[in-house]
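A closer look at the structure
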Amino acid sequence: MTTNQTLKIFVRTALAITTSFAVVMPTLASAAEPHTQFVTVQQRVGGIALTDSGEFRYFEETVDRQVEVSIQKMAINNSNLQTTGALRLLVINLQLSNGAATDRAKITSDYQAAAEGVANLSRGLTTLQIEMLPENFVIQTEQTCSNVETETYVIINELAKRMDVSHRFISFVMPGELNCPYGGLGQMPGNITWINGKYSGGLDGWGAKVVVHELGHNLGLDHQRFMRCTSNGQPVSVTNRVDRVTGCNFEEYGSPFSVMGGAQMSLTNTERRGLGWLRAGEEVSAANGTFTVSIDGPIGLLEFANADGDVFYAEMTQGQNSYYENSGGKYEKLNSGVVISIERTRRKIFDAVAVVCAIVDGNPSTSTSGDASLGVGQVFTDSTNTLRVEVVSMTDRSATVNVQSPLVAPSDVKISPVVAGFNATWNAVTNGVVMHYELQYSTDKTFATGVTLVGILETSATISEISPNTEIWVRIAAVDQRGVGRFSDTKQTFTLAPKDTGKDTGKSKGKSKGKDKSKGKDKSKGK
C-alpha cells in the first residue's frame, strides 16, 4: 500500500446472477521473510446501507484519519495492476476469536457471481481466477473495523511465509459482527478490498455487486456520478460552465447505469475505455451526421463537443430493473435509450486514458434517474445551443442518432505583428456551411473585454489602429446559421512601434515638439 492511499466504499443491491465459475483452495507453502515499513491510511465512508430492519438508508461521512503503524513489508506485488487477462483473486475470510465467521458457501456464491460479472462487463477481456484460503483467519474481539483494515497488511505478510500471495487482488471478508459502517472498501487503484460479510449472499445478489464495485476501484475506476442542474430555478439537463459550479449537483453514487454508481451489474463505455475494455474502433468522434450506436458494435461510443469545448458522449443502454435512489432507496425501471454523459476530467489509469464522466439527465423535469436516457424523438441540446443530439430510431440493442455539433475551431492560426496592429491567417473550416468568421482580440487573456470583428469572409484579416507595444490576445471562430462555432486556441502577439528612419524621423520629432510648444504659447497668450 502506498502512502496516503485513498480507500473508497460502496453499499448497493444487485440483480441475482448464476455462474459456474470455480473457487479453488490455494496450497500453503513457505515464502521469504518480509521486512518492516510504515504506512499511512486515509479512509472515506459513505453510501447506501441496509439497516437491520431491511430498509435502505443513505449515509455520507468523511473520515480523514491517518493511522501510522509498524508493519511488515507488503508481500503482495503492488506493481501488479493489470486490467485485462486472467487475474488471480485471493479471498480471506476473517473470523473473530469468540464469534462465527461469514458463511463460506455465501462467500463462494458471491465471488463466483462477481467473476461472471467481470467476464461479462469486460466482454471476456478480463477473467477472475478465484482462490479462497482454506482456513479462516482468526482476529481478536477487541478489534475495530479500522484496526482490522490496517492489520490486514500484516495478515498478508504472515500468509506470505506459507504461500504465494502475488495475486492481482486480495479480498478480505470482514466479520459481520464488527458492524463496519460500509458494504465494502477498495484501494483506488490497488490490490486490496475489504468486503462486509454482514451482507454476503444478500438480497438479489447484492454481495456480488459489492465485490465487483470494489474491484472496480482496484482497477482504477471512480464512482460514476449523476448530474442534476437548475437554471433560473428550473431543472435543465446541463448549464454553462460558470453556472455549473453552483447550479449543478453531482451525486456521487448517482448513475443508474454503472456498478460504480447505481445497482446494475453493468458499466458504461466511457468506463470501459479507461480499462482497455472497448473493442477496436468502437469509439467514434462525431461532428455532424447520422450514426448508429449499438451494444453489439461496431460503434459503441460517440464523442462530440459544444462551442465551449465541453465534451459529451452518447451510448446505447438497455433498460432493466435496478435499485437506485439516493434519498432512501426503491426499485425503479430503467428506460432503454441513449445515455448522454459529460466529461469532467481525464486521468491516466496505468497505460490507458480514463475519462471521468457524469451522467446527464435527459429528462430533467422528473425527479427520477431511471428515465435519464433519450428515447425516439427526444432531443438533447446543450447550454450553448450549438450541440444537438436527436434519437431518430431505436431497437432493443441499438439506436440511430443525428448529431449536429458546432463548427470546429479554425486550425493553423498564425498571428504576425505589424506597426500598431497584426495580421491573422487561418485554415478554412469545412465541417459545415460557414457564413463568415468572427475574430476577437483583447488585452485580457480571458476576453472579459475586447473587440469582436464579424463578417470576415476570407481566411485572413489585418487589424490596425492599436497602440504600439501592446500585448494582444487573439482567437477566431467560424459562424453558421446556428451561431458561433468553437474558437481556436488563443494566440498572443505584441504590436510593433514605428521604426526610426534617420533625418525624416528627426524632422518629424522636431515638428511635433514645435507644435506642442506653439500650442503652449498660444494658450499663454490667450490668458
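**Some words on the overall build of the protein**
- If you tally the helices and strands in the protein, you get six helices and 34 strands.
- In the protein, which comprises 527 residues, the share counted as buried stands at 50%.
- In the protein, once contacts between residues fewer than 6 apart in sequence are set aside, the share between residues at least 24 apart is 67%.
- Summed over its atoms, the accessible surface of the protein is roughly 23,400 Å², and 49% of this surface lies on carbon and sulfur atoms.

**Quick notes on unusual backbone geometry**
- The amide bond that connects Met 188 to the next residue, Pro 189, takes the cis arrangement and shows omega of -15 degrees.
- Along the chain, the position of Pro 189 falls in the loop between β11 (184-187) and β12 (192-196).
- A cis amide bond links Gly 297 to the next residue, Pro 298, at an omega of 5 degrees.
- Even without glycine at this site, Arg 123 takes up a positive phi of about 60 degrees.

**Some remarks on the packing of aromatic side chains**
- In the structure shown here, the tally under the stated rule is five aromatic pairs.
- Measuring from ring centre to ring centre gives 5.4 Å for Phe 312 and Phe 380, while their planes differ by 55 degrees; the resulting arrangement is tilted. Pair noted here: Phe 312 is in strand β19 (residues 311-317) and Phe 380 is in strand β24 (residues 379-381), with a separation of 68 residues, a long-range link. You'll find Phe 312 and Phe 380 in the same group, each marked buried.
- Note on Phe 422 and Tyr 441: the rings are 5.7 Å apart at their centroids and 80 degrees apart in plane angle, and the pair reads as edge-to-face.

**Here we look at helix α1 (residues 104-121)**
- The terminal C-alpha atoms of α1 lie 25 Å apart, and with 18 residues this matches the ideal 26 Å at 1.5 Å per residue to within 8%.
- Turning to α1, its buried residues are Ile 107, Asp 110, Tyr 111, Gln 112, Ala 113, Ala 114, Ala 115, Glu 116, Gly 117, Val 118, Ala 119 and Leu 121.
- At the N-terminal end of α1, a side-chain oxygen is found 2.9 Å from the backbone nitrogen of Ala 105, two or three residues along, and the residue is Asp 103.
- Positive phi shows up at Arg 123, right after α1, with a value of about 60 degrees.

**Quick word on the sheet that holds strand β27 (residues 414-418)**
- The sheet built from three strands is open, its strands ordered β27-β28-β31 with antiparallel pairing. Single-partner strands in this sheet number two, and they are β27 and β31 (460-463). For this sheet, the mean angle separating the axes of adjacent strands, direction not counted, is 15 degrees.
- Strand direction decides the pairing type here: β27 and strand β28 (residues 421-425), joined by five bridges, are antiparallel. Along β28, the bridge assignment pairs Lys 414 with Thr 425.

**Concerning the sheet that holds strand β26 (residues 398-404)**
- The four strands lie next to each other as β17-β26-β25-β24, forming an open sheet whose pairing is antiparallel. Each having just a single partner strand, β17 (288-294) and β24 make up the two edges of the open sheet. With strand direction ignored, the average angle separating the axes of adjacent strands in the sheet is 20 degrees.
- Two strands pair when backbone bridges link them, and strand β25 (residues 388-394) and β26 are joined in this way by six bridges, in the antiparallel orientation. Residue pairing in the sheet places Val 389 in a bridge with Val 403 of β26.

**Let's talk about the pattern of salt bridges**
- For the coordinates displayed, the defined rule picks out 15 salt bridges.
- Of the charged contacts in the structure, one is a salt bridge between Glu 135 and Arg 162, with a shortest N-O distance of 3.2 Å. Of this pair, Glu 135 sits in the loop between β8 (126-132) and β9 (137-139) while Arg 162 sits in the loop between α2 (145-160) and β10 (169-174), placing them 27 residues apart in sequence.
- Given a relative accessible area of 32%, Glu 135 falls into the partly exposed group.
- Residue classification places Arg 162 among the partly exposed positions, given a relative accessible area of 31%.
- What emerges from the salt-bridge pattern is a single network uniting Arg 88, Glu 131 and Asp 164.

**Considerations on the state of the cysteines**
- Under the defined criterion, the tally for this structure stands at two disulfides.
- Between Cys 145 and Cys 180 runs a disulfide, and the two sulfur atoms are separated by 2.2 Å. Given an S-S torsion of about -105 degrees, the disulfide between Cys 145 and Cys 180 has left-handed geometry. Placement of Cys 145 in helix α2 and of Cys 180 in the loop between β10 and β11 is noted, with a sequence separation of 35 residues between them. By the burial criterion, Cys 145 is buried, and Cys 180 matches it.
- Each sulfur of the disulfide joining Cys 229 and Cys 248 lies 2.1 Å from the other. Judged by the sign of its S-S torsion, about 110 degrees, the cystine formed by Cys 229 and Cys 248 is right-handed. A residue pair is termed long-range when its members are at least 10 positions apart, and Cys 229 in strand β13 (residues 225-231) and Cys 248 in strand β15 (residues 248-251) qualify at 19 residues. For the pair Cys 229 and Cys 248, one class covers both residues: buried.
- Taken in sequence order, the bonded cysteines of the protein link in the pattern 1-2, 3-4.

**Side note on the pairing of β31**
- Side chains of β31 alternate between two faces, with Ala 461 and Ile 463 buried and Ser 460 and Thr 462 left unburied.
- With four bridges connecting them, β28 and β31 associate as antiparallel partners. Residue pairing in the sheet places Thr 425 in a bridge with Ser 460 of β31.

**Here we look at the confidence of the model for the protein**
- Mean pLDDT over the protein: 76, with 74% of residues reaching 70 or higher.
- Taken together, the stretch residues 1-23 has pLDDT below 50 and engages in 115 contacts with residues farther than four places along the chain or on a different chain.
- Every residue in residues 500-527 is under pLDDT 50, and counting partners more than four places away or in other chains gives three contacts.

**Observations concerning the pairing of β12**
- Here β12 lies mainly inside the structure; five of its five residues are buried.
- Residues Ile 192, Trp 194 and Asn 196 point to one face of β12 and Thr 193 and Ile 195 to the other, with burial holding for every one of them.
- Examined bridge by bridge, β10 and β12 share five bridges and lie parallel to one another. Note on β12: the bridge partner recorded for Met 174 is Asn 196.
- Relative to β12, β11 is paired through three bridges, and the arrangement is antiparallel. In the sheet register, Leu 185 faces β12, and the bridge partner there is Trp 194.
- The loop that links β11 with its antiparallel partner β12 comprises four residues.

Conventions and cut-offs
Residues numbered from 1 in each chain as written. Predicted model: local features only at pLDDT ≥ 70, side-chain atom pairs only at ≥ 80, totals over all residues. Heavy atoms only, no water. Helix = DSSP H or I, 4+ residues; strand = E, 2+ residues; numbered from the N terminus. Buried < 20%, exposed > 50% of the residue type's maximum accessible area, 1.4 Å probe, protein only. Contact = heavy atoms within 4.5 Å. Areas by Shrake-Rupley, 256 points an atom, 1.4 Å probe, with all protein chains shown as cover. Phe/Tyr/Trp six-rings, centres within 6.5 Å; stacked < 30°, edge-to-face > 60°. Expected span 1.5 Å × (residues − 1). Polar contact = N/O pair within 3.5 Å; in protein donor to acceptor, adjacent residues only side chain to side chain. Pairing = 2+ DSSP bridges. Axes fitted to C-alpha atoms, helices over the stretch in contact; angles between N-to-C directions. Salt bridge = Lys/Arg side-chain N within 4 Å of Asp/Glu carboxyl O. Disulfide = S-S within 2.5 Å. pLDDT = per-residue confidence, 0-100.

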